[in-house]
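The lines below spell out each chain.
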Amino acid sequence: MSEVNIYLFGKRYSVPSELTIMTAMEYAGYRLVRGCGCRNGFCGACATIYRIEGQRELKFCLACQTQVLEGMYVATLPFFPLVKQVYDIEKISPEQSIMIQLYPEIYKCIGCNACTKSCTQKLNVMQYIAYAQRGDFKRCAEESFDCVMCGVCSSRCPAGISHPQVAMLARRLNGKYLTPESEHLKNRVEEIIGGKYEAEMEKLMNMSDSEIRELYNNRVIE
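I will try to describe carefully the structure that is included in this document.

Take the nonpolar core next. Of all hydrophobic cores here, the largest spans 27 residues; its most connected members are Ile-6, Val-15, Ile-21, Val-68 and Met-72. Among the secondary structure elements, those contributing two or more residues to this core are β1 (3–8), β2 (11–16), α1 (21–27), β3 (47–52), β4 (59–62) and β5 (72–76). Broken down by element, this core gets its largest block of residues, four residues, from α1. Filtering out sequence-adjacent residues up to four positions away, Ile-6 remains in contact with Lys-11, Arg-12, Tyr-13, Val-15, Ala-24, Val-68, Leu-69 and Met-72.

Moving on to the packing of aromatic side chains. For the coordinates displayed, the defined rule picks out three aromatic pairs. With a centroid separation of 4.0 Å and 0 degrees between ring planes, the pair formed by Tyr-7 and Tyr-73 is classed as stacked. Linking Tyr-7 in strand β1 with Tyr-73 in strand β5, this pair joins segments that are 66 residues apart in sequence. Consider the rings of Phe-9 and Tyr-30, whose centres lie 5.6 Å apart with planes at 55 degrees: the pair is tilted. With Phe-9 in the loop between β1 and β2 and Tyr-30 in the loop between α1 and β3, the pair connects residues that are 21 residues apart, well separated along the chain. Owing to a relative accessible area of 26%, Tyr-30 belongs among the partly exposed residues under this scheme. A cation sits over an aromatic face here: Lys-176 above Tyr-177, 5.6 Å from the ring centre. In this arrangement the basic side chain of Arg-219 is found over the ring face of Tyr-216, its NZ or CZ atom lying 3.8 Å from the centre.

Moving on to the side chain of Ser-162. In this structure, Ser-162 sits in the loop between α6 (152–155) and α7 (163–178). Among the polar contacts made by the side chain of Ser-162, one reaches the main-chain amide nitrogen of Val-83 at a distance of 2.7 Å. Ignoring sequence-local partners within four residues, the contact set of Ser-162 consists of Leu-82, Val-83, Glu-105 and Ser-154.

A separate point is the pairing of β2. Here six bridges tie β1 to β2, and the two strands are oriented antiparallel to one another. Paired with Ile-6 across the strands is Tyr-13, a residue of β2. Taking the residues that link successive antiparallel strands as the turn, the β1-β2 hairpin has two residues, and the phi of Phe-9 there is positive, at about 55 degrees.

Here we take up the pattern of salt bridges. Close approach of charged atoms allows side chains of opposite charge to pair. Scanning all chains against the criterion turns up seven salt bridges. Ionic pairing is found between Glu-57 and Lys-59, a salt bridge with its closest N-O pair at 3.5 Å. In this structure Lys-59 comes out as partly exposed when scored by relative accessible area, which is 26%. The salt bridge involving Lys-138 is made with Glu-142; its shortest N-O contact spans 2.6 Å. Here Lys-138 pairs with Glu-142, and both are found in helix α5 (residues 137–143), just four residues apart, close to one helical turn. Residue class for Lys-138 comes out partly exposed when judged on its relative accessible area of 44%. Salt bridges here are not isolated pairs; linked through shared partners, they connect Arg-188, Glu-191 and Lys-196.

Scoring rules and cut-offs
- Residue indices begin from 1 for each chain and proceed along its sequence in written order.
- Totals for whole chains, interfaces and linings use every residue, but because this is a predicted model, local features are given only for residues with pLDDT of at least 70 and side-chain atom pairs only at 80 or more, for both listing and counting.
- The basis for every side-chain value is the complete set of non-hydrogen atoms in the structure, without hydrogens or water.
- We call a set of buried residues a nonpolar core when its members are Ala, Val, Leu, Ile, Met, Phe, Trp, Tyr or Cys and they connect through side-chain atoms within 4.5 Å of each other.
- Burial here depends on accessible area, computed with a 1.4 Å probe over protein chains only, as a share of the maximum for the residue type. Under 20% is buried, over 50% is exposed, and the range in between is partly exposed.
- The numbering of helices and of strands both runs from the N terminus, where a helix is a DSSP run of H or I of at least 4 residues and a strand a run of E of at least 2.
- Residue contacts are counted whenever heavy atoms from the two residues lie within 4.5 Å of one another.
- Think of it this way: a Phe, Tyr or Trp ring, Trp meaning its six-membered ring, pairs with another when their centres are within 6.5 Å, and the plane angle makes it stacked under 30 degrees, edge-to-face over 60, tilted otherwise.
- Over a ring means this: the NZ of a Lys or the CZ of an Arg is within 6 Å of the ring centre and within 35 degrees of the ring normal.
- Polar contact criterion, stated in full: a pair of N or O atoms within 3.5 Å, where within protein one must be able to donate a hydrogen and the other to accept it, and residues adjacent in sequence count only if both atoms are side-chain atoms.
- At least two bridges found by DSSP between two strands are what make those strands a pair.
- Any Lys or Arg side-chain nitrogen found within 4 Å of a carboxyl oxygen on Asp or Glu counts as a salt bridge.

Set out below in structure tokens:
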């Protein structure tokens, strides 16, 4: 098993090279109580900044999916204080003025593109902010769809923009007011309210753990 030398909070550790940053931290003895969530995907909780020894460039990633490298200096960013405005989605409309009212800082964007360069999901963050500035919520929603709200983009923004919250507002406006109603979803909700699946749910609730595991393991996958 090969090992690499990494630096966690300034201290050097030798860890197996196949580990992710998150598992390497645990291997080194750190007990993770913050900055971890799903541990194997895209919940956004484990935002991490690192630099390779001898290189000047800062790199950004999620610790749960990034493999350790020789000479990696790691600093985690488990929380960044994003500005989250309070609004009632039932009382606002998909107009440009709502962005001016709730997130006026987006109009201070200087076009430095630091947000895009730092995005752990490789999203074109500056572009979806430009869509939000113009009130084009549909495109903003589409461009930001894979955002995990890790906050790294905002931590690098000189204008103090809370990009993930701007994108969330755009997606909510798009989903409620701009996207055509899904007929099959409406029908399914009506079926649930009408009690169509209550008997099946009751049956599942009365199953033992072993029966549920057996049912799951032998399910039909399309």
